[in-house]
Amino acid sequence: MGKRDNRVAYMNPIAMARARGPAPNSGPTIQDYLNRPRPTWEEVKEQLEKKKKGSRALAEFEEKMNENWRKELEKHREKLMGGNESSSKKKEKKKKEKKKSNRLSSSSSSSSSSDSSSSSSDSEDEDKKQGKKRRKKKYRSSRKSSASTTSESESDSKDSTKKKRSKEDCEKEKEGKNHHRKRKKADRGDGPLSSESVSESDQTEEVQAKKKKSNEEKEKTDKTKKRKKHKKHGKKKKKKTAGSNSDSE
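Given the structure is predicted, the values throughout are model-derived calculations rather than measurements.

Draft legend 1. Molecular detail of the overall build of the protein. Assigned secondary structure in the protein consists of 4 helices and 0 strands. Seen in sequence order, the protein has helices and strands lined up from the N terminus as α-α-α-α. For the protein, the accessible area works out to roughly 25,500 Å², and carbon and sulfur atoms hold 52% of it.

Structure representation (structure tokens):
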């Protein structure tokens, strides 16, 4: 069995289109568009005049509406103004009546108020005078109390300082007398007192000698510690120098 022949004959599309002939016209062509019917200049002018007339009619209608609105607004304003004028007149009448009533009441109450005002002013004056007197008394009493407290505190401080000074003076005198007595007795050479003074001097000498020894021992220990540190540091330097020499070799 051999292979089936699947080959198709090649058809040139350009040749096929030429064989079909020209395509049928679908829709207007360019010539039809150029040859269309056009209005004349007179017809154009008529159309423009018609448009202007239409706009004029709208303008006239708007003007009429505005006039009507203006008339209505004027009427409404007149009503409001009339109402306001009537209300203002009523208010003025009420104010006048109140003023008249106030005048009558003030004339009748002026006599009574003058008496009451005179009595009230007298009472107020008396109250003010009494208040001033009380304030003055309080101020004087407070000043006296503050002065007394300050004087007491000053006197107490002076007494305390005097007492302290007297105590210090007494103590100094006693110490001076005791020291003078001890010196005299030491110079005379009394038995037990001279031995006590000698023992005290010996004790002071021993304390000083101990302090010197302790200071010398501390200095020695510090010197030994410094020497040991110096030796250790020198050994480390020698080791480093030896290591560097060996590396260089």
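So much for the structure itself; the text now carries on.
Draft legend 2. Molecular detail of the pattern of salt bridges. Considering all chains together, one arrives at 1 salt bridge under this definition. Between aspartate 5 and arginine 7 there is a salt bridge whose closest N-O contact spans 3.0 Å. For arginine 7, a relative accessible area of 73% puts it in the exposed group.

Draft legend 3. Molecular detail of helix 1 (residues 13-20). Counted residue by residue, helix 1 has 0 buried out of 8 residues, so it is predominantly exposed. Glycine 21 sits one or two positions beyond helix 1 and adopts a positive phi of about 95 degrees.

Draft legend 4. Summary view of a nonpolar patch on the surface. A cluster of nonpolar side chains, namely Ile30, Tyr33 and Leu34, defines an oily patch on the protein surface of about 380 Å² accessible area. The exposure class assigned to isoleucine 30 is exposed, which follows from its relative accessible area of 66%.

Draft legend 5. Spatial organisation of the packing of aromatic side chains. One pass over the structure, following the stated rule, counts 0 aromatic pairs. Between arginine 36 and the ring centre of tyrosine 33, over which it is positioned, the NZ or CZ distance is 4.4 Å.

Draft legend 6. Just the confidence of the model for the protein, in detail. Chain-level statistics for the protein give a pLDDT mean of 77 and a share of 78% at 70 or above. Predicted confidence in the protein is weakest over helix 4 (residues 191-248), with a mean pLDDT of 69, and strongest over helix 1, with 90. Low confidence marks residues 190-195, where pLDDT is under 50. Its contacts with residues over four positions away, or in another chain, come to 4 contacts.

Draft legend 7. How the structure looks around a positive patch on the surface. The grouping of Lys89, Lys90, Lys91, Lys93, Lys94, Lys95, Lys96, Lys98, Lys99, Lys100 and Arg103 at the surface amounts to a positive patch. Within the secondary structure, lysine 98 is located in helix 3 (residues 41-188).

Draft legend 8. Representation of a negative patch on the surface in the model. Where like charges cluster on the molecular surface, the negative patch consists of Asp122, Glu124, Asp125, Glu126 and Asp127. Along the chain, glutamate 124 turns up in helix 3.

Rules and cut-offs
Residues numbered from 1 in each chain as written. Predicted model: local features only at pLDDT ≥ 70, side-chain atom pairs only at ≥ 80, totals over all residues. Heavy atoms only, no water. Helix = DSSP H or I, 4+ residues; strand = E, 2+ residues; numbered from the N terminus. Areas by Shrake-Rupley, 256 points an atom, 1.4 Å probe, with all protein chains shown as cover. Salt bridge = Lys/Arg side-chain N within 4 Å of Asp/Glu carboxyl O. Buried < 20%, exposed > 50% of the residue type's maximum accessible area, 1.4 Å probe, protein only. Patch = residues over 30% accessible without salt bridge, like charges linked within 9 Å, V, L, I, M, F, W, Y side chains within 5 Å. Phe/Tyr/Trp six-rings, centres within 6.5 Å; stacked < 30°, edge-to-face > 60°. Lys NZ or Arg CZ within 6 Å of the ring centre and 35° of its normal. pLDDT = per-residue confidence, 0-100. Contact = heavy atoms within 4.5 Å. Lys, Arg positive; Asp, Glu negative; His and termini not counted. Charge placed at Lys NZ, Arg CZ, Asp CG, Glu CD.

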